[in-house]
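# Fold and contact review
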Amino acid sequence: MSTELESRTVPPYNHFTQIGDPVLRIRAEEVQPECVDSQEITGIVDQMVKVLRHYDCVGVAAPQLGVPLRIIAMEFREEKREQFTPEVYQQRKMSTLPLSVFINPKIEVMSDTIHTQPEGCMSVRGFSGRVARYDRVKVTGIGMLGTPDELELVGWSARIAQHEMDHLNGIIYIDRMDVSSFTCITWARINSNGGRDAIMFDK
Ligand SMILES: [Zn+2]
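Described in the following lines is the structure provided in the data block. Remember, predicted model here, so these are calculated numbers, not experimental data. (Residues numbered from 1 in each chain as written. Predicted model: local features only at pLDDT ≥ 70, side-chain atom pairs only at ≥ 80, totals over all residues. Heavy atoms only, no water.)

## Description of the pairing of strand S4 (residues 114-120)
- The sheet contact formed by S4 and strand S5 (residues 127-134) spans seven bridges and is antiparallel. In the strand pairing of S5, Glu119 is matched with Gly129.
- Linking S4 back to S5 in an antiparallel pair, the connection comprises six residues, with Gly126 at a positive phi of about 95°. (Pairing = 2+ DSSP bridges. Helix = DSSP H or I, 4+ residues; strand = E, 2+ residues; numbered from the N terminus.)

Printed below as a string of structure tokens:
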């Protein structure tokens, strides 16, 4: 599925910006409506989808590729189900989400129900923490690549949307997590390898 990505040292990157990069902490700018179909914007959108799939993750916001614009892409492919036990898949309320790309998205909370689950971020590579998120949200915006302009999401998909929307406002999940739950996801492997391990920032 994933193809080779050349490394790029100017945005939009082929890697994820990491926490500390100022681009992750500013409010991203609206895309001007007349620019939506421009080569620049469609190129950024294509790149976001390419990187999303290459890294086999479920969401990306433009600032994560170094671009301070309000664009998000989300996808939870059916094949990802195999990466989780049926119990975890069910407990986290995961479900298939077709590729959904929004320019200038807005989010509306549709239910007061909250779920707290472990969450990670490609911009805080190698860690996770428990974050409370709303169970049901509606995303509206300019849908790209066949995405409707309005999409109601539940469970894990709603979580993805809230996480990516946060990125557009300079918020990272660690700002919202239960701090005591912060975890290095390879801690056990670090022990079994006698401390020899590495976090990779490209793929
Ligand atoms: Zn993230």
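After presenting the structure, the write-up continues.
## Remarks on helix H3 (residues 155-168)
- Counted at 1.5 Å a residue, the expected span for H3 with its 14 residues is 20 Å, and the 21 Å between its end C-alpha atoms agrees.
- Where burial is concerned, most of H3 is hidden: 14 out of the 14 residues are buried.
- In the stretch just after H3, Gly170 is the one whose phi turns positive, near 75°. (Expected span 1.5 Å × (residues − 1). Buried < 20%, exposed > 50% of the residue type's maximum accessible area, 1.4 Å probe, protein only.)

## Structural notes on helix H1 (residues 39-54)
- The terminal C-alpha atoms of H1 lie 22 Å apart, and with 16 residues this matches the ideal 22 Å at 1.5 Å per residue to within 8%.
- Looking at H1, one finds that the buried residues are Ile41, Ile44, Val45, Gln47, Met48, Val49, Val51, Leu52 and His54.
- Buried-residue contacts for H1 involve strand S1 (59-61), strand S2 (71-76), strand S3 (97-109) and strand S6 (136-144). (Contact = heavy atoms within 4.5 Å.)

## A closer look at the sheet that holds S5
- Strand order across the open sheet formed by three strands is S4-S5-S8, with antiparallel pairing between neighbours. Since the sheet does not close on itself, it has two edges, and those belong to S4 and strand S8 (183-184), each with one partner.
- Across two bridges, the pairing between S5 and S8 is antiparallel. Of the residues in S8, the one forming a bridge with Phe127 is Cys184.
- Against the sheet, H3 engages S4 and S5, with an angle of about 65° to S4. (Axes fitted to C-alpha atoms, helices over the stretch in contact; angles between N-to-C directions.)

## Some points on the nonpolar core
- Ile41, Met48 and Ile71 are the most contacted members of the largest nonpolar core, which has 24 residues in total.
- Elements with a minimum of two residues in this core: H1, S2 and S3.
- Counting residues per element, this core draws most heavily on H1, which supplies seven residues.
- Excluding anything up to four places from it in sequence, Ile71 contacts Val31, Ile41, Ile44, Val45, Met48, Val60, Ala61, Ala62, Val101, Phe102, Ile103 and Leu168.
- Ranked by size, the runner-up nonpolar core spans 20 residues in total, among them Phe76, Leu97, Val137 and Leu151. (Core = buried A, V, L, I, M, F, W, Y, C linked by side-chain atoms within 4.5 Å.)

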